[in-house]
Every structure is written in structure tokens, then in C-alpha cells.
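Examining the three-dimensional arrangement
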Amino acid sequence: MMPSSAIQQLNELIAEGKVVLVNESNLKMADKAVYAATYENLAKVMIDPRRPNKNKGEVCSLAYAKATGIPVFATDEMNLQPIIDTQLNTGIDDITCIRIVDIIEKAHQGEISVPRKVCKALWIICGKLKETFDREIWPLE
């Protein structure tokens, strides 16, 4: 469902070692147990049985982050940090949410070193419109 330009940019980021695709099936047994428990815990508060695919990506990704100790989670969800704080963060391997739009804004302002091309790929991979990025988020000057 992603545009071919986004897939191409994603493949380039993978080839450069800037993005790594992961899968919970490759976790060690102990990490799989943490993943499963975390998934179940988050699913109870984040997944509506009437819409079982909504937020499933975030639940899977957050469970993976918790199981493997990934401390920063990039998201397009606005109110995810309070859920993480109440459901996951215990003082051990806590996770901090950073909204993708905030990452892009910091890159655009020169506060962090992430090229426009990478930011645009992140935006598109999140299912956002390329035209919105080009017009509103980071217009070409």
C-alpha cells in the first residue's frame, strides 16, 4: 500500500544500515515471553475488539521495544506516552515516545541531523501524504 518511492527510500535506508526490520519470531525465548505479556497488556487498553487492526502496529512495535530494551519509540500517535507510562514504564527499560512530526520539525530547524529525504520517507511510511509533507511540513525553498 506504500508508494513505490517510499519503498525505494526505505530500501535505501536499510542498505545504508540506518533502518533495521525486525520480527518478534526471531526473539530469544525469554524475550518472547516479555513480548507476549507486553502485547497482551497493551492490547487490553489499545485495541478495540470492534476494530482489531487499529493500533495493532503500535502494540506489536511497543511490545518488541519493551522485550528488547529499545528506549525510544517514534510514532504518529499524539497521546501514546501516557499509555506507555501507565502500562509499560516501571523504571526498567522505560520507553520514551517521540512523535515523527516532532523529529521532522527538529530536523527541519537544524536541531538534529536528519536529511529531508529521510524525514520524507518516515512521513510517507507512516501513511501520510507526500503532498502534505512537501506543502506544509517541509516545503522546498
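Placed above this text is the structure.
For the structure given in this document, a descriptive report is provided here. (Residues numbered from 1 in each chain as written. Predicted model: local features only at pLDDT ≥ 70, side-chain atom pairs only at ≥ 80, totals over all residues. Heavy atoms only, no water.)

1. Quick look at the pairing of strand 2 (residues 96-99)
Alignment of strand 1 (residues 72-75) against strand 2, held across four bridges, turns out to be parallel. Each bridged residue has a counterpart across the sheet, and for phenylalanine 73 the counterpart in strand 2 is cysteine 97. For the handedness criterion, the β-α-β arrangement of strand 1, helix 4 (residues 80-87) and strand 2 is classed as right-handed. (Pairing = 2+ DSSP bridges. Helix = DSSP H or I, 4+ residues; strand = E, 2+ residues; numbered from the N terminus. Right-handed = clockwise from strand over helix to strand, strands pointing away.)

2. Points about the packing of aromatic side chains
Taken as a whole and judged by the stated rule, the model has three aromatic pairs. Residues phenylalanine 133 and tryptophan 138 carry aromatic rings whose centres are separated by 6.4 Å and whose planes lie at 40° to one another, so their mutual orientation is tilted. Across this residue pair, the class does not change: phenylalanine 133 and tryptophan 138 are buried. Here the aromatic residues Trp123, Phe133 and Trp138 are joined through ring pairs into a cluster of three or more. (Phe/Tyr/Trp six-rings, centres within 6.5 Å; stacked < 30°, edge-to-face > 60°. Buried < 20%, exposed > 50% of the residue type's maximum accessible area, 1.4 Å probe, protein only.)

3. Some words on the side chain of glutamine 9
Its location among the elements puts glutamine 9 in helix 1 (residues 4-15). Taking relative accessible area as the criterion, glutamine 9 reaches 15% and is therefore assigned buried. The residues touching glutamine 9, leaving out its near neighbours within four places in the chain, are Lys117, Lys120 and Ala121. (Contact = heavy atoms within 4.5 Å.)

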